[in-house]
Amino acid sequence: MIINMSDKLGRNDACWCGSGRKYKKCHTFLEEQIAIYRLKGYEVPHIKLLKTKQQMEGIRESSKRNIALLDFIGEYAVDGITTEELDRLIYEKTKELGGIPATLHFNGYPKSVCISINDIVCHGIPSDHVILRNGDIVNIDVSTIYNGFFSDSSRMFCIGDVSEEKKRLVEVAKECMDLGIEQVKPWGFLGDVGQAVNDHAKKNGYSVVREIGGHGIGLEFHEDPWVSYVSKKGTGMLLVPGLVFTVEPMINMGKAEVFVDEGDDWTIYTADGKPSAQWEKTVLVTETGYEILTY
Ligand code: MF3
Ligand code: CO
């Protein structure tokens, strides 16, 4: 049995996605494939999660600004600067580029960027009291709204002379993200990404944070699916062209356990106080593989 998901649409009508092609030549195939996987019991994306060509273009434009912000802020990530100052710079530059920082006032988050140093895993809140110091490893996580479209990416920065041990963590964390992204292909599964990340981290003696994951993104900041980086190959949501999500594993030098700061309710720390590293990119599933939107 084949379920037609757009029941009011005739096969010769223009496709709902705005491509201008007939529905039968456009999204019919995808919808039929998804229906088959659903009937077999797989977790499949809601059709609304699949971006139209116009939406993809919107997210691409947002992503360009998002990347420009990371390129821009890198120069300022030096010994002695406060994270408050970095936040101000991100805010100003985002405005200059015609965007809005997606984190600002998101679920009550007070700042325009997350800055997470050493044993802070993620969601570090910029502050006058926090100063980057020689030897620190720092994640700067920038999220951007442009013309209503969302993009999200982060990079690690090494401040001055960083120990070989921490440098290796930063490098392996990047490899984990890259290997995860390389798994992305249509009719694959989200678990393929998680397994590749987790295998590489473990091989290097590191652990992967379980409680916090990536997310779908594009029309909203956080959409389905939730993305685990300890998941198993062949499990989780079916990957379908048009799906957009972040690949942003958090890799810990020590144990995987984390806790939330009780004072601010945002900052996530490693339980054992050892450093953590994270890189993030926004990725689109294409008909042949993937496109890194925040390249
Ligand atoms: N870029 C971060 C993420 O998507 C933002 C978290 S929400 C915030 O994981 F409010 F903490 F910024
Ligand atoms: Co994110």
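What counts as what
Residues numbered from 1 in each chain as written. Chains lettered and ligands numbered in written order. Predicted model: local features only at pLDDT ≥ 70, side-chain atom pairs only at ≥ 80, totals over all residues. Heavy atoms only, no water. Buried < 20%, exposed > 50% of the residue type's maximum accessible area, 1.4 Å probe, protein only. Helix = DSSP H or I, 4+ residues; strand = E, 2+ residues; numbered from the N terminus. Pairing = 2+ DSSP bridges. Donors = N, O, S within 2.8 Å, 3.2 Å for Na, K, Ca; no water. Axes fitted to C-alpha atoms, helices over the stretch in contact; angles between N-to-C directions. Contact = heavy atoms within 4.5 Å. Phe/Tyr/Trp six-rings, centres within 6.5 Å; stacked < 30°, edge-to-face > 60°. Lys NZ or Arg CZ within 6 Å of the ring centre and 35° of its normal. Near = heavy atom within 4 Å. Polar contact = N/O pair within 3.5 Å; in protein donor to acceptor, adjacent residues only side chain to side chain. Areas by Shrake-Rupley, 256 points an atom, 1.4 Å probe, with all protein chains shown as cover. 1 Å grid on protein atoms, 1.4 Å probe; cavity = no way out; pocket = protein on both sides within 12 Å on 5 of 7 lines; lining within 4 Å. Sits in = over half its atoms within 2 Å of the grid points. Lys, Arg positive; Asp, Glu negative; His and termini not counted. Salt bridge = Lys/Arg side-chain N within 4 Å of Asp/Glu carboxyl O. Parallel < 35°, antiparallel > 145°, perpendicular 65-115°, else oblique. Left-handed = near helix turned anticlockwise from the far one by under 90°. Core = buried A, V, L, I, M, F, W, Y, C linked by side-chain atoms within 4.5 Å.

As for the pairing of strand β5 (residues 149-158)
When you tally the buried positions in β5, you get 8 out of 10 residues, the bulk of the element. From the end of strand β4 (residues 137-146) to the start of β5, which pair antiparallel, there are 2 residues, and N147 there has a positive phi angle of about 55°.

Side note on the coordination of the cobalt ion (ligand 2)
The coordination sphere of the cobalt ion (ligand 2) contains the protein donors D152 (OD), H215 (NE2), E248 (OE) and E280 (OE), at a distance range of 2.0 to 2.5 Å. Linear spacing of the donor residues for the cobalt ion (ligand 2) on their chain is D-x62-H-x32-E-x31-E. Here H215, found in strand β7 (residues 214-216), pairs with E280, found in the loop between β13 (276-278) and β14 (281-285); they are 65 residues apart in sequence, far enough to count as distant. Each member of the pair, H215 together with E280, is buried.

Here's the deal with the sheet that holds strand β12 (residues 268-270)
By way of backbone hydrogen bonds, the strands of a sheet pair with one another, either parallel or antiparallel. Strand order in the open sheet formed by 3 strands is β3-β12-β11, and the pairing between neighbours is antiparallel. Lying at the two open borders of the sheet, with one neighbouring strand each, are β3 (120-122) and β11 (258-260). Taking each pair of neighbouring strands and ignoring which way they run, the sheet shows an average axis angle of 40°.

Some thoughts on the sheet that holds strand β6 (residues 207-208)
Read from one edge to the other, the open sheet built from 3 strands follows the order β6-β10-β13, with strand pairing classed as antiparallel. Here the strands that pair on one side only, and so sit at the sheet edges, are β6 and β13. As judged from the 3 bridges shared by strand β10 (residues 250-252) and β13, these two strands associate in the antiparallel manner. Residue pairing for β13: N252 is matched across the bridge by S276. Helix α4 (residues 164-182) contacts β10 and β13 of the sheet and is inclined by roughly 40° relative to β13.

Focus: the packing of aromatic side chains
All told, the structure shown has 10 aromatic pairs when counted by the stated rule. With centroids separated by 6.4 Å and ring planes inclined at 70°, the aromatic side chains of Y37 and F189 adopt a geometry described as edge-to-face. On the criterion of sequence distance, the pair formed by Y37 in helix α1 (residues 28-39) and F189 in the loop between α4 and α5 (190-203) is long-range, its members being 152 residues apart. We classify F189 as buried; its relative accessible area is 10%. Put simply, the rings of F29, Y37, Y42, W187 and F189 pair up and form one aromatic cluster. A cation over a ring is seen here: K40 above Y37, with NZ or CZ 5.7 Å from the ring centre. Stacked on the ring of W279, the Lys or Arg K174 has its end atom at 5.7 Å from the ring centre.

As for the site of ligand 1
For ligand 1, the set of nearby residues contains 13 residues, the closest of which are T103, D141, D152, H215 and H222. In this structure, an oxygen atom belonging to ligand 1 sits 2.9 Å away from a side-chain N or O atom of H222. Compared with its free state, where it exposes 330 Å², ligand 1 has 96% of that area covered by protein. The cavity that encloses ligand 1 is the second largest pocket.

Considerations on the side chain of E280
One buried charge, E280, has no salt-bridge partner; the nearest side chain with opposite charge is R155, at 10 Å. Not counting chain neighbours up to four residues away, the residues in contact with E280 comprise D141, D152, S153, S154, M177, H215, T246, V247 and E248.

Looking at the packing of α4 against α5
Axis separation between α4 and α5 bottoms out at 8 Å; the angle between their running directions is 155°. When the axis of α4 is compared with that of α5, the two are roughly antiparallel. Considering how the two elements wind past one another, α4 and α5 form a crossing that is right-handed. On the side of α4, the interface is formed by V172, E175, C176, L179 and G180, while α5 contributes V193, A196, V197, H200 and A201.

Focus on unusual backbone geometry
Residue P225 is reached from D224 by a cis peptide bond, and omega for that bond is 0°. Note that P225 resides in strand β8 (residues 223-227). One non-glycine residue, N107, lies in positive phi territory at about 50°. By the element assignment, N107 lies in the loop between β1 (100-101) and β2 (114-117). The phi angle at W187 is positive, at roughly 70°, despite the residue not being glycine. For W187, the location among the structural elements is in the loop between α4 and α5.

Concerning the nonpolar core
Counting 41 residues, the largest nonpolar core has L243, F245, V247 and I251 as its most contacted members. Breaking this core down by element, the ones donating at least two residues are α1, α4, α5, β9 (244-247) and β14. Element by element, the count of residues in this core is highest for α4, at 7 residues. Apart from residues no more than four positions distant in its own chain, I251 is found in contact with L169, A173, C176, V197, A201, Y206, S207, V208, P275, S276 and A277. Judged by nonpolar contacts, the second largest core, of 18 residues, contains L70, A77, I115 and I140.

The values are spatial; any link to function lies outside them.
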